Amino acid sequence: MTANLIPLCDPDMSQAELDAVLEVLQSASISSGEAVEAFEEAFARYLGRKYAVATSSGTMGLMLVLDAYGLGPGMEVIASPHSFRELAHAISLRGAFPIFADIDYWSGCMLPNKAENKISDKTKAIVVNNVNGHPAAWTEFRELADKYNLILIEDSSEAIGSTYKNALVGTFGDCSVFDFSQPGPLVCGQGGVVVTDDIDVYMALRRYRNHRLDERASVVVGRAPAYNGVMSNLSAALALVQLQRLELILERRKRTEFWYFDYVKSFEGIKDPYIGPDVTEVHWFLYIVHLGTRFTRSSRDSIIEDLIKEEIEAAAYSMPLHLQPHYFDLGYRKKDFLVTEKVADRAVALPFHAHLTEDQIAFIVGSMKDASINIGAGAEITL
C-alpha cells in the first residue's frame, strides 16, 4: 500500500481508544477479563437486549448460535448468497446444510417469499442479513419464523446503527450477530458479539465460547467442549470506546455519504440510494455503486483495476456464496440465483470512511466516471 493510496476503509480512532488499549497493555490481563464483561454489558444496554456474548469474530458468533440451538448435521438453515461479510460459512462449518434464497434487487436483502419457498421439513432456522447497512423486511421474517416455528437469526455484521420501523438492527432476531472487523464503523481489530433475550441460549453461548479457569472441574460445563472463541481484553477495550463514540462516528460517515451523492448525481440516470418503505435509518457499510446493465462482470473488474491504477482502493460487492468452490461442491451452480448474480456482477465498493475529504471524493467519483465511460462507452450507472 502506497502513501498516496485512498483506502477502502480507515478506522475512526481517537486518543480515547489509544488510552484504553494502553491501559490494558499495562494491566495483568490482556487475553480476557473485565474489559470483555464491560463491553458485553454496554452492548446489551445499547440495543436494549438482555444478554450479550463477545466473540472472536462474527463467524464464530454464528457458530456459537447454531451450537446453542443444537443445529447441525441433517438439518437445513436458510441464508442469503449475497454478502460482503460471509458469516454464512458457519452453517457448513457446523455440519448443517445452507439453503440459499435469492434477494431483492434494490435492497440486496433476502426476500421473505423466496425464503418461504425454500422451507422443508429439515429447515430449522433462517439467517437473515441486513445487507450493506440496509435492514431486511423484519416484520415479514418474524411472521415467517413464527408460522413455521423456525429460529430467526439476524446477521447485523454490516449494519450497526441502522433502524427498521425506528428499532435498531440487532433487536429483531432470536439471536443477532455483529462483527467488528473492517470496514465497519465500529472496529476492534477482530471481534464480534451475539445478543439474545433467552437465558438458556445465553448460558449455552457462554459454555460453547470458552471455559473459565474456575469452571474446568464443572461436570455441567465440561459436557460442552469450548471453541475458546472469546474476544480479547485488548479488542474489548477498543470496542467499548468505539461503542461510546459510535454516534459521532456514524455522523462523520454521513457527511462522507452526502458528499458522495453530491458528486455522483452528475451521472446521467443517477438515483437516490434505495431505502425500503419501513426502513427509518440506513448507515451504509460501504459506498456501493451499481453499474448499468450494459456492463459485464469483466468490465466491472476492469473499472476496479483502473481505479487501483489511480491509487483508489475499490472492490467487488460481492462474490456470491453459491459460486464459491465450497458451495459448488455442495451442488450449487451458476444461474441458481439470478438476482444475486446480476447485482454482484455490477457492484463496485468505493472508499467509505470518515477520513475522506471532499476533494478526495471528487477525485474518486471523477475517476470512476472516466473509467466507466472508457470501458462502457458511456453506459449509465445507478446507485
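None of the values given here were measured: they were computed from a predicted structure.

The rules we used
- Residues numbered from 1 in each chain as written.
- Predicted model: local features only at pLDDT ≥ 70, side-chain atom pairs only at ≥ 80, totals over all residues.
- Heavy atoms only, no water.
- Salt bridge = Lys/Arg side-chain N within 4 Å of Asp/Glu carboxyl O.
- Helix = DSSP H or I, 4+ residues; strand = E, 2+ residues; numbered from the N terminus.
- Buried < 20%, exposed > 50% of the residue type's maximum accessible area, 1.4 Å probe, protein only.
- Pairing = 2+ DSSP bridges.
- Axes fitted to C-alpha atoms, helices over the stretch in contact; angles between N-to-C directions.
- Parallel < 35°, antiparallel > 145°, perpendicular 65-115°, else oblique.
- Left-handed = near helix turned anticlockwise from the far one by under 90°.
- Contact = heavy atoms within 4.5 Å.
- Nonpolar A, V, L, I, M, F, W, Y, C, P; charged D, E, K, R; others polar.
- Core = buried A, V, L, I, M, F, W, Y, C linked by side-chain atoms within 4.5 Å.

1. Concerning the pattern of salt bridges
Pairing between side chains becomes possible if they bear opposite charge and their charged atoms approach one another. By the definition in use, this model includes 15 salt bridges. Across the salt bridge formed by Arg49 and Asp197, the nearest N and O atoms sit 3.1 Å from each other. Linking Arg49 in the loop between α2 (34-47) and β1 (51-55) with Asp197 in the loop between β9 (192-196) and α7 (199-209), this pair joins segments that are 148 residues apart in sequence. Owing to a relative accessible area of 8%, Arg49 belongs among the buried residues under this scheme. Among the residues examined, Asp197 registers a relative accessible area of 35% and is labelled partly exposed. Close ionic contact of Asp146 with Arg142 constitutes a salt bridge, the shortest N to O distance being 3.2 Å. Highlighted residues: Asp146 and Arg142, both in helix α6 (residues 138-148), separated by four residues, approximately one helical turn.

2. Regarding the pairing of β9
Among the five residues of β9, five are classified as buried, and the element is accordingly described as predominantly covered. As paired strands, strand β8 (residues 175-179) and β9 are joined by five bridges and run antiparallel to one another. Within β9, the residue paired with Val177 across the bridge is Val194.

3. Digging into the packing of helix α3 (residues 58-68) against α7
Orientation of α3 relative to α7, taken along the N-to-C sense of each, is 120°, at an axis distance of 9 Å. Looking at the two axes, α3 sits oblique to α7. Relative to α7, the crossing made by α3 is right-handed. Here Leu64, Val65, Asp67 and Ala68 of α3 come into contact with α7, specifically with Val201, Ala204, Leu205, Tyr208 and Arg209. Grouping the amino acids of the contact of α3 with α7 by side-chain chemistry returns seven nonpolar, no polar and two charged.

4. Considering the sheet that holds strand β7 (residues 167-168)
Taken together, three strands build an open sheet; the order of strands is β7-β6-β10 and the sheet is antiparallel. Because the sheet does not close on itself, it has two edges, and the strands there are β7 and β10 (279-281).

5. Points about the packing of α2 against helix α8 (residues 233-244)
One can describe the packing of α2 onto α8 by two numbers: an axis separation of 8 Å at closest approach and a directional angle of 35°. Of the two elements, α2 crosses α8, and the hand of that crossing is left-handed. Contacts between α2 and α8 pair Glu34, Ala35, Val36, Ala38, Phe39, Ala42, Phe43 and Tyr46 from the former with Asn233, Ala236, Ala237, Ala239, Leu240 and Leu243 from the latter. Its residues assigned to classes, the contact of α2 with α8 comprises 12 nonpolar, one polar and one charged.

6. So, the nonpolar core
In terms of nonpolar packing, the biggest core is built from 80 residues, with Phe141, Ile153 and Tyr260 touching the most fellow members. By residue number, the principal contributor to this core is α3, which donates six residues. In this view, Phe141 contacts Met110, Leu111, Pro112, Ala115, Val128, Ala136 and Leu152; residues no more than four positions away in its chain are not counted. Among the nonpolar cores identified, the runner-up in size contains 29 residues, and Leu47, Ala54, Val193 and Ala236 belong to it.

7. Considerations on the sheet that holds strand β3 (residues 97-100)
Hydrogen bonding along the main chain pairs the strands of a sheet, whether they run parallel or antiparallel. Strands sit in the order β1-β9-β8-β5-β4-β2-β3 across an open sheet of seven strands; the sheet is mixed. The open sheet has two edge strands with one neighbour each: β1 and β3. Going from strand to strand, the sheet's axes swing by 25° on average, the running direction of each strand aside. Sheet topology note: the β1/β9 ladder contains five bridges and is antiparallel. When the sheet's bridge partners are listed, Ala52 is paired in β9 with Val195.

8. Topic: the environment of Tyr260
Counting through the fold element by element, Tyr260 comes out in helix α9 (residues 246-264). The buried category is assigned to Tyr260, whose relative accessible area is 0%. Taking C-alpha positions, Tyr260 is 8.3 Å from Glu358, a pair spaced 98 residues apart along the chain. Excluding anything up to four places from it in sequence, Tyr260 contacts Tyr287, Leu350, Pro351, Phe352, Leu356, Ile361, Ile364 and Val365.

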